[in-house]
Amino acid sequence: MADRDYGFRTRAVHAGNVPDSATGARALPIYQSSAFVFDSTEDAAARFALQKYGNIYSRLANPTVASFEERVASLEGGLGAVATSSGLSAQFVTFASLAGAGDHIVASSNLYGGSITQLDVTLRRFGVETTFVASDDPADYAAAIIPGRTKLVFAETIANPSGDIADIAGLAEVAHAADLPLVIDSTIATPYLCRPIEWGADIVVHSATKFLGGHGTTLGGVVVESGRFDWSNHNFPLFEETVAHYGGLTWYGNFGEYAFLTRLRAEQLRDIGPALAPHSAFLLAQGVETLPYRMQAHVDNARRVAEWLEADPRIETVNWAGLPSHRHHARAAQYLPLGPSSVFGFVVKGGRAVGQGLIENVTLASHLANIGDAKTLIIHPASTTHAQLTEQQLVDGGVHPGLVRLSVGIEDADDIIYDLDQALDAALKGASA
Ligand SMILES: *Cc1c(COP(=O)(O)O)cnc(C)c1O
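Note that the coordinates shown come from a computational prediction; the quantities given were computed from them, not determined experimentally. (Residues numbered from 1 in each chain as written. Predicted model: local features only at pLDDT ≥ 70, side-chain atom pairs only at ≥ 80, totals over all residues. Heavy atoms only, no water.)

Novice: Looking at this model, I keep getting lost on the overall build of the protein. Mind explaining?
Specialist: Within the protein, the regular secondary structure consists of 16 helices and twelve strands. Its C-alpha radius of gyration of 22 Å places the protein within 12% of the 22 Å reference for a compact globule of 433 residues. Projected onto its principal axes, the C-alpha positions of the protein cover 80 × 55 × 40 Å. Out of the 433 residues belonging to the protein, those deemed buried represent 55%. In the structure as shown, the protein presents an accessible area of about 17,900 Å², 54% of it carried by carbon and sulfur atoms. Considering the protein, the positive charge centre built from 29 side chains and the negative charge centre built from 47 side chains are found 3 Å apart. (Helix = DSSP H or I, 4+ residues; strand = E, 2+ residues; numbered from the N terminus. Rg over C-alpha atoms; globule rule 2.2 N^0.38 Å. Buried < 20%, exposed > 50% of the residue type's maximum accessible area, 1.4 Å probe, protein only. Areas by Shrake-Rupley, 256 points an atom, 1.4 Å probe, with all protein chains shown as cover. Lys, Arg positive; Asp, Glu negative; His and termini not counted. Charge placed at Lys NZ, Arg CZ, Asp CG, Glu CD.)

In structure tokens, the structure reads:
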């Protein structure tokens, strides 16, 4: 290591990667191997018992995956990270580590749809109950905590399509007052725009599928931990109890600040199994090398597009918190001074017909269900993900029939605006025909 704290851009390129000691390869080698040879029977036994660091089997750890983990941990300012096969599996292993049957989670009601169903359908069926808080006030999260049963507080840095910003410091205060960890899904922000650990979050999860990988090629997830949470505070007895299947160690006693991450790997990855593939880790790590440059381009373009939309008479509202008109503009300035990323919704005048017509007439933007690609992406929630609901249910659920969600890419902003402009014209002509 240099006698210098490297900057964000340097770490995006170098963290977790040194020239390969065996071959001199400068790019990150893809260690496409399910398992790793032991030095001796003694060595094998020590690795299995977690008495010695070393690779065993790629469900638990793999050198290419480890490089990606170290890179993201460095950028988030965390102690370490565990990568998984998707964003939802990153959340699942985290929840499964901290909560079991009879336990309770307090979460924002404004989460990614798959996160809502993971908590509300699958985890509820396993006996983990979630209270969804429909407010952005940390006091309402505090009121939802059930002493002795709640195990974590969960929210997203930037929600979509509302563009709402979490009060991370306020939520951390509420969680810590109850001796609970604050878990933040920071997928849409990425560590370039916001580092939740600096605001008091204990665990940060990502869908690396989105901006971290950045090119719409690869599914992956990652869990980063600060190393600051006290896992011996008696709310989490599993960290202090003797672990028979690992020779009588205790997670907290033997691993201290590494207790959560070590257990996540040795217990949740072992038992649940959503390992990140080495080839995927390579692609995601490659994407992260240019994260600062891409995110800057994403927010610069988002600002241009959001300001253009807001000034356009064909548009009713724009949910980008970088605009002074957004209810969380001040929070965005506090937590995301470089800009609140590039995923947001906007409402077109004329409702469903014009919203749908807009999507049908774009030629540069891609109509698909993803975000965080270098390419501009667009979707009309009322005719896709929420198509089965009535107009009234859409309004009640905050999904206006004319709402369009945009993930602004890194193309020329003028071309993105040109495309939206001509598609709006065509949609209005179609609607009045
Ligand atoms: C996409 C997404 C997820 C789920 O990630 P996958 O990689 O698709 O499993 C979770 N949270 C947010 C905010 C997302 O956008």
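Still to come is the rest of the account.
Novice: Please clarify how the pattern of salt bridges should be interpreted in this entry.
Specialist: Pairing of side chains with opposite charge becomes possible as their charged atoms draw close. A full pass over the atoms with the stated rule returns 16 salt bridges. Notably, a salt bridge pairs Arg270 with Asp271, separated by 2.6 Å at the nearest N-O pair. Connected through shared salt-bridge partners, Asp312, Arg314, Asp421 and Asp425 make up one network. (Salt bridge = Lys/Arg side-chain N within 4 Å of Asp/Glu carboxyl O.)

Novice: Would you mind going over the packing of helix H3 (residues 63-76) against helix H11 (residues 278-289) with me for this structure?
Specialist: In a packed pair of helices, the relevant descriptors are the angle between the two axes and the axis-to-axis distance. Where H3 meets H11, the axes come as close as 8 Å, and the angle between the chain directions of the two elements is 30°. Considering the relative orientation of H3 and H11, their crossing is left-handed. On H11, the residues touching Thr64, Val65, Phe68, Arg71 and Leu75 of H3 are Pro278, Ala281, Phe282, Leu284, Ala285, Val288 and Glu289. Here the contact of H3 with H11 is composed, by residue class, of nine nonpolar, one polar and two charged. (Axes fitted to C-alpha atoms, helices over the stretch in contact; angles between N-to-C directions. Left-handed = near helix turned anticlockwise from the far one by under 90°. Contact = heavy atoms within 4.5 Å. Nonpolar A, V, L, I, M, F, W, Y, C, P; charged D, E, K, R; others polar.)

Novice: So what exactly am I meant to see when it comes to the nonpolar core here?
Specialist: Taken as a class, soluble globular proteins show a tendency for nonpolar side chains to be buried jointly. The biggest cluster of nonpolar side chains holds 56 residues, and the ones touching the most others in it are Phe68, Tyr141, Ile168, Leu182, Val224 and Leu336. Two domains share this core, each providing at least three of its residues, namely domain 1 (33-287) and domain 2 (291-432). When neighbours within four sequence positions are excluded, Tyr141 is seen to be in contact with Val106, Ala107, Ser108, Val133, Ser135, Val153, Phe154, Ala155, Leu171 and Val174. (Core = buried A, V, L, I, M, F, W, Y, C linked by side-chain atoms within 4.5 Å. Domains from an automatic or database assignment.)

Novice: Help me understand the sheet that holds strand S12 (residues 403-407) in this model?
Specialist: The strands making up a sheet are joined through hydrogen bonds of the backbone, oriented either antiparallel or parallel. Within the open sheet, the five strands sit side by side as S8-S9-S12-S11-S10. Their pairing is mixed. Bordering the open sheet on either side are strand S8 (315-318) and strand S10 (366-367), each of which pairs with just one other strand. Pairing of strand S11 (residues 377-379) with S12 involves three bridges; the strand directions are antiparallel. Residue Ile379 lies in a different strand from S12, and its bridge partner there is Arg405. Where helix H12 (residues 291-311) meets the sheet, it contacts S8, strand S9 (343-348) and S12, and its direction lies at approximately 15° from that of S9. (Pairing = 2+ DSSP bridges.)

Novice: Got a minute to help me understand the site of the ligand in this structure?
Specialist: The environment of the ligand is made up of 13 residues, and the closest members are Gly87, Asp185, Ser207, Thr209 and Lys210. The backbone of Leu88 places a nitrogen or oxygen atom 2.9 Å from an oxygen atom of the ligand. Lys210 has a polar side-chain atom sitting 2.7 Å from an oxygen atom of the ligand. For the ligand, the accessible surface in isolation is 380 Å², of which the surrounding protein chains cover 93%. (Near = heavy atom within 4 Å. Polar contact = N/O pair within 3.5 Å; in protein donor to acceptor, adjacent residues only side chain to side chain.)

Novice: Explain the UniProt feature "modified residue: N6-(pyridoxal phosphate)lysine" (unreviewed entry) in the protein here, please?
Specialist: In the UniProt entry, the feature "modified residue: N6-(pyridoxal phosphate)lysine" (unreviewed entry) is given for Lys210. For Lys210, the position within the fold is in the loop between strand S6 (203-207) and strand S7 (221-225). Residue contacts for Lys210: discarding those within four places in its chain leaves Tyr112, Thr187, Asn370, Ile371 and Gly372. (UniProt positions renumbered as here; feature names shortened; annotations may be inferred.)

Novice: Any chance you could explain empty space enclosed by the protein here in plain terms?
Specialist: Where empty space is left becomes clear once a probe the size of a water molecule has been rolled over the atoms. One pass over the full model with this rule turns up one cavity of 30 Å³ or more. Taken as a whole, the largest cavity holds about 50 Å³ of empty space. Among the elements of the structure, H3 and helix H10 (259-272) are those that each provide at least two residues to the lining of the largest cavity. Split by residue class, the lining of the largest cavity holds seven nonpolar, two polar and three charged. (1 Å grid on protein atoms, 1.4 Å probe; cavity = no way out; pocket = protein on both sides within 12 Å on 5 of 7 lines; lining within 4 Å. Points joined across faces, edges and corners; volume = space filled by probe spheres on them.)

Novice: Please explain the layout of surface pockets as it appears in this structure.
Specialist: Empty space within the second largest pocket amounts to approximately 800 Å³. What lines the second largest pocket is a set of 28 residues, and nearest its centre among them are Tyr53, Ala61, Leu261, Thr262 and Arg265. Broken down by secondary-structure element, the contributors of at least two residues to the lining of the second largest pocket are helix H2 (41-48), H3, strand S1 (80-84) and H10. Take the lining of the second largest pocket: its biggest share by element is five residues, from H10. Classifying every residue of the lining of the second largest pocket gives 16 nonpolar, six polar and six charged.

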